[in-house]
Amino acid sequence: MEQRTTAIILIVIIVVGVGAVVFLGPSLFPAPPRVALILGTGGRGDLSFNDASYAGAMNARNELGWNFDVAEPDQIAEFEGLLRDYAAAGTYDVIISGSFDQADALALVAADFPNQTFAIVDNVVVAPNVRSCVFTENEGSALVGALAGLMTQTGHVGFVGGEDMWLIHRFAAGYVWGANYTNPGVNFTVQYTGSWIDTAIGQNLGDAMFTAGADIIYTAAGRSGLGAWTSARNRITGATNTTPLWMIGVDSPMMWYGCDTYDQGPGYAHTAPTFGLTSMLKRVDSAVFEVIEDVMNGDLDSTTGSIFAYNLENGGHDWEINGYIPYSNVTDVYTLTEYDSPLLTLSQSIVDTIQDLKADIIAGTVTVPDTIYWT
Amino acid sequence: MQTGDPMLELMGWLLKATLQMATPLVLTALGGMFSERTGVVNIGLEGMMLVGAFSAVAGTYYVGSPWLGLIIAVIAGGALAGAHAIVCVKFKGNHIVSGTGIILFGLGSTTLGLQVVWGKQGLSDSVERIPEVVIPQLRDVPMLGTAFGSLSPIIYFMFIITALSWYVLYRTPFGLRMRAAGEDPSTLDAAGVSVEWTRIVGVVLSGALAGLGGAYLSIGFENAFGKGMTAGKGFIALAALIFGNWTPIGCFLAGLFFGFVTGLQFIFPILIPELVTLTNLVKILPYALVIVALAGIRRSIPPKGIAVPYEKEVRV
Amino acid sequence: MSEQSREGRHENEKARFNPINNIMRMVSDPSFQKTAIWSTGSIILALVVVSVLMMMTGYNVGLAFLTLLWGAITQFDRVLFFATPLIFTGLSVALAFKCGLFNIGPEGQVYMGAIGAAIVGYLVSLPIVLHQFTALLFGTFLGFLYGLLPGILKAYRGTHEVVTTMMMSYSAILFTAWLVTYPLKDTTQALDRTPPILVTAELPKLIGSFLNFSLILAILAVIAVDYLINKTVLGYEMRAVGQNPDAAETAGINPKKNIALALGIAGALAGMGGSGEILGYHHLFQDNWSVGLGWDGITVAVLGNNNPWGVLAAAIFFGALRAGGLQMQRIAGVPLEMVRVIQGLIVLFVAAPRAIDWLSKRGVDYATWLKTDRVPASVHLATSFMAGASAIVCLSVFGSYSAMIEAGIPGVGGIVALLLFLTSLVSIYALIELLMRKPRGLRLVAFAAIVWLLVAALGYIAGSMLIVWQSLVIGMVSFLLVVLVERVFPETPLDLGGDN
């Protein structure tokens, strides 16, 4: 009998507790900001699109004063739920999908919430309330590839990609095409780490390529790409190479990572020398920033349903010249990595060659392939 | 210097990559061996490696010396293994349950630790790494220079620890006790030695070695900690342990074999560029080779008393 | 009242008819009570540790737990949706365990099942029901084959299943990634994925946009596995082989056949889980479509004690943690890793059911001691509490200390941080020793007190008055308690309780 009383009391307590949590809980939740950002699986610290879109939202917070909510799911199956939660809250002016694999989920949710504005980076969702921001990685990669073709002394350039997949193929295709453009018939090696986090594989791939005779490596492999940079650093400090070795960064300016003071982080006033040759800039952060800025100015709703292409022409892609980021007409929100003195001194003729190629690509006189076009 | 035949250099590099990839596996597998030979299953090696890798970087960051960071990693790995030991030996819990708990805890806590220590997500700041041992006379020899000219000291430790483990396990009374604790604990108990303490020491040793293996990844090979950076090496080490039939020399050879086949997958696409569209299939090769080799060699026979909690006979 | 009195008279007969009484009987079973208390205790202990972690990382603990709970309760459809694949993989691991095998690679079997279902789903054109059934069956069959191969290797070559299933798991992920990048790629779009499956192959949704028919399949699988293990000859043989292969062989059971079949069926279960996910929710196979279902399956299986119904409960619990964790991240900003830590700690604590015997023994000891000698016992108890508090405060201060290091005093800051961490470890050890009533515990508390005073001095140099006051108070109180126990009540029977 005593047990029954205990059980009844317990049940009452549980029911009251659950009721309190369900009905009174939400009143304790903090007031949400007006922007929501959903990052891709893998989360921050990937030195790629997740970090970049987060940086864009942070810049918007610092400059425009709009705070944002961020979610970092780790399964594709979680995207839809989060999108629905944000949309159902109804308080967000815009919900930004920060990775290409959210397109399926976003297409469903955007149809269910026609009054909610969305944006997606790196993919296209055809819906009247979604702004799609796409990039032409192959064109940006062609520029750094052309520079690699000019700078290589062994006539052999390398590429370390994160995974054997369509997005990375665009980087690889542009790079190889660019190297062949300035240095026809150049030797090239394309390899994939198969992991975005395993720096050990990146370092081994870098080592293998350098040993096989490559002297310039372009990495597009998130954190595991940094392993290849370590490989170059070891070879240079260990003086195991007579020819100079170069690394090419991706997405954000990364030439500083080749300086001796790399452990001070990106904000530091680094000085030459560096073994970072250049970086292919992909301004995901500007895309995110512009979305938030347009919401603030009330321009977003009139432009949804359209595709915003970020390319060489509007500064969505560019290359890092001697540690400087060229001025672009994309809103100047990047923490510009301008050093007191240049990190590198490329000769003017080389810079001109690349800038000419850039002008040609913009003018459409040359086209850069966006899939693996050899083999 | 890059003067030799590129093919020869590449072979030299393969030797080096074998050592580099094998070192964390061999160290962790040896750790697992100490645990399993004393009768405690340890599938939590992955978690212990992660904690080792993280605390090596955090320790180096706080103290400023990578060598002290290495010691901190060993202590941290041992401490986490201590929790496993308490659960498994003292409270006679299920070894596999506890091991999975250790893995989850290691994964989550190290990622959170990044936030505690550096306020960052996913990737830590760079720290000083353990300087490599350079042999100047060897470095200019064509192939051997690439292979052995400049190696991390932990790779040399790995050889020493393998030899030491063999000696301890087979030539000292303590090793005899460890083996007895795994094979026939009641005899050990009858001889007046505490089975519990022998097992606890074995498990803590395993954590310390796994921590060292993890530290090699973060401050011996790389210079920072990234979320989930061991990428399943703890499980591969577990496989190496089974492949090596729970013996020190076996673990060593199995680890080298794993390292070699991993290195091989990097070589193929360089030698044959046409394989680029088959990259993912080439990456299967190491795993397939391991299965074929293990199926072709012998049966795996684990220690008899493994996973069986030892109950002291109680006289009433 | 009348019902209760009747229950007293015919307890046995009523039990058959009254489900409430059945439950009551189960609840009053001491072993069930012990399990329930310890499971709840594990969850509470894990949450306590996690709240310390949250304090260290600077999150709002109350809001985090509120959102976790709110998400887990209100979004039950997502809870079940996240639980569905875990039920399959958990069953897969549990079934293999019953036969004494450790299937560490359900991840790969899930991937093979998923790709199989996707291929049939988009390549073959069949009428509804038949199409779903065929796709599901093909996926399950691929999973079966993928489990059978290591089973055969184990049975006939003695190749350890941990190595083979793990290696095959990695291989399956790579192989399917290659398939969708090249031969099976939907060439009409840029992304690497198969074409979407035909509408006839999609499993119907139950409620909302998540929960689909594969949940029902999962529950059927639980019933089927329960029946297979406990009611069939095959299940009996598998369990016999799992307990002792040699004895089973002398009893006329063929262990080889059973080992191969057990891993095969385990693979089939995982494969069915993968097929269900594709046919029910994803509707196409893309690289990276799921991560870690297999690994979580292992945890679910061990947490459910390899019992099919236990697996079901554990999977739902994990689903609830995931759904709640996502809300915790969305609203309170706490990363998902916190959920992983909670899972890890719960599993770790659940693994040690005997800890409760140990703890309750201490509790009873303390209670009797408190009755006989009230004052010394309460002082001793206060000292134990102090050790625990010291450990918790140490950890949380250690966390907030990184701010001080960033303020530009790395030398002192580094030493203080290290000292704090060491002190917390010492305090935890002291607490354990004190609970065992060993004199060493007292000395350790004294040592911790000295370190606290040292931290106070260093905090003064570093210029943080908060740390100075905190450390001074904890240090002085600890000292006072130690002196009280040592000098004022020297007759305290400190080492009488040590029975280990």
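About the cut-offs
- Residues numbered from 1 in each chain as written.
- Chains lettered and ligands numbered in written order.
- Predicted model: local features only at pLDDT ≥ 70, side-chain atom pairs only at ≥ 80, totals over all residues.
- Heavy atoms only, no water.
- Domains from an automatic or database assignment.
- Patch = residues over 30% accessible without salt bridge, like charges linked within 9 Å, V, L, I, M, F, W, Y side chains within 5 Å.
- Areas by Shrake-Rupley, 256 points an atom, 1.4 Å probe, with all protein chains shown as cover.
- Salt bridge = Lys/Arg side-chain N within 4 Å of Asp/Glu carboxyl O.
- Helix = DSSP H or I, 4+ residues; strand = E, 2+ residues; numbered from the N terminus.
- Buried < 20%, exposed > 50% of the residue type's maximum accessible area, 1.4 Å probe, protein only.
- Pairing = 2+ DSSP bridges.
- Contact = heavy atoms within 4.5 Å.
- Buried area = accessible area lost by both parts, 1.4 Å probe.
- Nonpolar A, V, L, I, M, F, W, Y, C, P; charged D, E, K, R; others polar.
- Expected span 1.5 Å × (residues − 1).
- Bend = angle between axes of the 7 residues up to and from the residue.
- Lys, Arg positive; Asp, Glu negative; His and termini not counted.
- Polar contact = N/O pair within 3.5 Å; in protein donor to acceptor, adjacent residues only side chain to side chain.
- Disulfide = S-S within 2.5 Å.

1. Comments concerning the domain arrangement of chain A
Link 1 in the chain: In terms of domain boundaries, chain A breaks down into domain 1 (1-29), domain 2 (35-136 + 287-297 + 301-310) and domain 3 (138-251 + 345-363).
Link 2 in the chain: Summarising the inter-unit geometry, the C-alpha centres of domain 1 of chain A and domain 3 of chain A are found 62 Å apart.

2. Overview of a nonpolar patch on the surface
Residues and elements named next belong to chain C.
Link 1 in the chain: A surface patch of nonpolar side chains, about 780 Å² in accessible area, is lined by F76, L206, I207, F213, I216, I219, L220, I223 and W309.
Link 2 in the chain: Looking at the nonpolar patch, the elements with two or more residues in it are β1 (205-207) and α10 (214-231).
Link 3 in the chain: When residues of the nonpolar patch are assigned to their parent elements, the largest contribution, 4 residues, is made by α10.
Link 4 in the chain: Within the secondary structure layout, L220 lies in helix α10.

3. Section: the pairing of strand β8 (residues 216-220) of chain A
The side chains of a regular strand alternate between both faces of the sheet.
All names here are of chain A.
Link 1 in the chain: Burial analysis of β8 places 5 of its 5 residues in the buried class, which makes it a mostly covered element.
Link 2 in the chain: Where strand β6 (residues 156-161) lies against β8, 5 bridges are found, and the strand directions are parallel. Residue F159 lies in a different strand from β8, and its bridge partner there is Y218.
Link 3 in the chain: Across 3 bridges, β8 lies against strand β9 (residues 246-251) in parallel orientation.

4. Examining the interface of chain B and chain C
Link 1 in the chain: Counting residues at the interface gives 51 residues for chain B, matched by 54 residues for chain C.
Link 2 in the chain: The junction of chain B with chain C conceals about 4,700 Å² of combined surface from both sides, 76% of it contributed by carbon and sulfur atoms.
Link 3 in the chain: When residues of chain B are sorted by the area they lose upon contact with chain C, Y62, F91 and L104 of chain B head the list and together hold 14% of the total.
Link 4 in the chain: For the pair chain B and chain C, the number of links is 0 salt bridges.
Link 5 in the chain: Broken down by element, the side of chain B that touches chain C gets its largest block of residues, 17 residues, from helix α4 (residues 95-118) of chain B.
Link 6 in the chain: In terms of residue class, the side of chain B that touches chain C is made up of 30 nonpolar, 14 polar and 7 charged.

5. Topic: helix α10 (residues 195-221) of chain B
All names here are of chain B.
Link 1 in the chain: Along its 27 residues, α10 runs 38 Å from first to last C-alpha, staying within 8% of the 39 Å computed at 1.5 Å per residue.
Link 2 in the chain: By the largest-angle criterion, A215 marks the main kink of α10, which is about 35°.
Link 3 in the chain: α10 sits mainly inside the fold: 22 of its 27 residues count as buried.

6. Digging into the side chain of K16 of chain B
Residues and elements named next belong to chain B.
Link 1 in the chain: Residue placement: K16 occurs in helix α1 (residues 6-37).
Link 2 in the chain: E132 provides the closest opposite charge to the buried, unpaired K16, separated from it by 4.7 Å.
Link 3 in the chain: At 3.3 Å, the side chain of K16 and the backbone oxygen of S150 are in polar contact.
Link 4 in the chain: Apart from residues no more than four positions distant in its own chain, K16 is found in contact with T146, A147, S150 and L151.

7. Some points on the state of the cysteines
Link 1 in the chain: Tallied over the entire structure, the rule returns 0 disulfides over all chains.
Link 2 in the chain: The closest cysteine sulfur to the non-disulfide-bonded C251 of chain B is located on C88 of chain B, 19 Å from its own sulfur.

8. Quick notes on the environment of G81 of chain A
Link 1 in the chain: When you line up the elements, G81 of chain A lands in helix α3 (residues 79-89).
Link 2 in the chain: When its relative accessible area of 5% is taken as the criterion, G81 of chain A is described as buried.
Link 3 in the chain: Between the C-alpha atoms of G81 of chain A and A220 of chain A, which are 139 residues apart in sequence, the distance is 30 Å.
Link 4 in the chain: If near-sequence neighbours (up to four positions away) are discounted, G81 of chain A is found in contact with R78 and F210 of chain C.

9. Examining unusual backbone geometry
Link 1 in the chain: For K92 of chain B, which is not glycine, the phi dihedral falls at a positive 50°.
Link 2 in the chain: For V129 of chain C, which is not glycine, the phi dihedral falls at a positive 70°.
Link 3 in the chain: Here V129 of chain C is to be found in the loop between α7 (106-123) and α8 (130-157).

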